[in-house]
Amino acid sequence: MLKHLHFRSLCMCMMLIIALAANAQRPQITERLNRNGQVTVDAPQELVKRNNADLGKQPQQSNKDKKAKEKDKKKVEEEKLNELDEDTSKDVKKDEDKKKDEEKKKEEVTLKKPKRQHTAQQTIESHGVGYRIQAYSDNNHKTGKANTQKRARAIAMKFPQYRSYISYKAPSWRLRIGDFKTQHEAQAALRRIKSVYPNFAREMVIVRDRINIWSND
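Here's what I pulled together on the structure shown here. (Residues numbered from 1 in each chain as written. Predicted model: local features only at pLDDT ≥ 70, side-chain atom pairs only at ≥ 80, totals over all residues. Heavy atoms only, no water.)

What about the packing of aromatic side chains?
Then comes step 1: A complete count under the given rule lists four aromatic pairs for this structure.
Then comes step 2: Between the aromatic rings of Tyr-168 and Trp-173, the centroid separation amounts to 4.8 Å while the plane-to-plane angle is 45°, which identifies the pairing as tilted.
Then comes step 3: In this structure an aromatic cluster arises from ring pairing among Phe-159, Tyr-162 and Phe-180.
Then comes step 4: The ring of Phe-200 carries Arg-151 above its face, with NZ or CZ at 3.6 Å from the centroid.
Then comes step 5: One cation-aromatic arrangement involves Arg-163 over Trp-214; the distance from NZ or CZ to the ring centre is 3.6 Å. (Phe/Tyr/Trp six-rings, centres within 6.5 Å; stacked < 30°, edge-to-face > 60°. Lys NZ or Arg CZ within 6 Å of the ring centre and 35° of its normal.)

Shown next, in the form of C-alpha cells:
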C-alpha cells in the first residue's frame, strides 16, 4: 500500500514539474499597475518581435501588389489610348473621304451648270477678221479626230462661253476656240484656260483667223 501511494505522489510531482516548465516557456502577458490606478498590459517580447516581423513583411507585399495594380492600370490606359487613336484615325479618314466626295459633287454640278449656254436664237450676223485660240493639233490619222474632240469637250465643260471649232486640214486635226474681235480679248481668254488646264498651256497659241460675229455679241 505504501509503495502504491509513493508511486502515485511521484507521478503527480512529475506532472506538476512538466506543467510548470511548459508554463514558463509560454509567453506570458504581464499586467502593471501605475500610480493612477490604471492597469497596463504588457505583451511578451516574443509576441512583440513576431508582430514587428509580420508588420515588416506586410508593406513589402502591399508594395508589390500596388506596383502590379499600377502596371495593370497603365496597360489598360494604353489599350484605351490605342483604341481612341484608331477610332480618331478612322474618323479623320471618313471626314477626308466625305470632303473629297463633296468637292467632287460640287465640281460635277459646276460642270453641269455652265456660266453661259449657247441657244438656238443666236445667229451669225456676219463674218470678220479676228482672233482665235489654237488649243490642239494632232496629225495622227487614227486617233487625231478622237483626241481633238475629247479636248474640245473638256474645254467646253469649263468654258461654255467660248465656242469650239474643229477642222481638218491634211494631215492634221486642229481645235480652235472662240470668236474674239481683239487680241486683248483672246489673251484674257487664253489666261483663263491655261489657269484651269496648265497641261495644255504649251500647245495653246493665239492665231489670227476668220471669225463669226453673232447676233447677241
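A look at the pattern of salt bridges
Close approach of charged atoms lets side chains of opposite charge pair.
Then comes step 1: In this structure the tally under the stated criterion is four salt bridges.
Then comes step 2: In this structure, Arg-132 engages Asp-179 in a salt bridge whose closest nitrogen and oxygen atoms are separated by 2.7 Å. Taken together, the positions of Arg-132 in strand S3 (residues 124-138) and Asp-179 in strand S5 (residues 172-180) put the pair 47 residues apart, joining distant regions of the chain.
Then comes step 3: Among the residues examined, Arg-132 registers a relative accessible area of 7% and is labelled buried. (Salt bridge = Lys/Arg side-chain N within 4 Å of Asp/Glu carboxyl O. Helix = DSSP H or I, 4+ residues; strand = E, 2+ residues; numbered from the N terminus. Buried < 20%, exposed > 50% of the residue type's maximum accessible area, 1.4 Å probe, protein only.)

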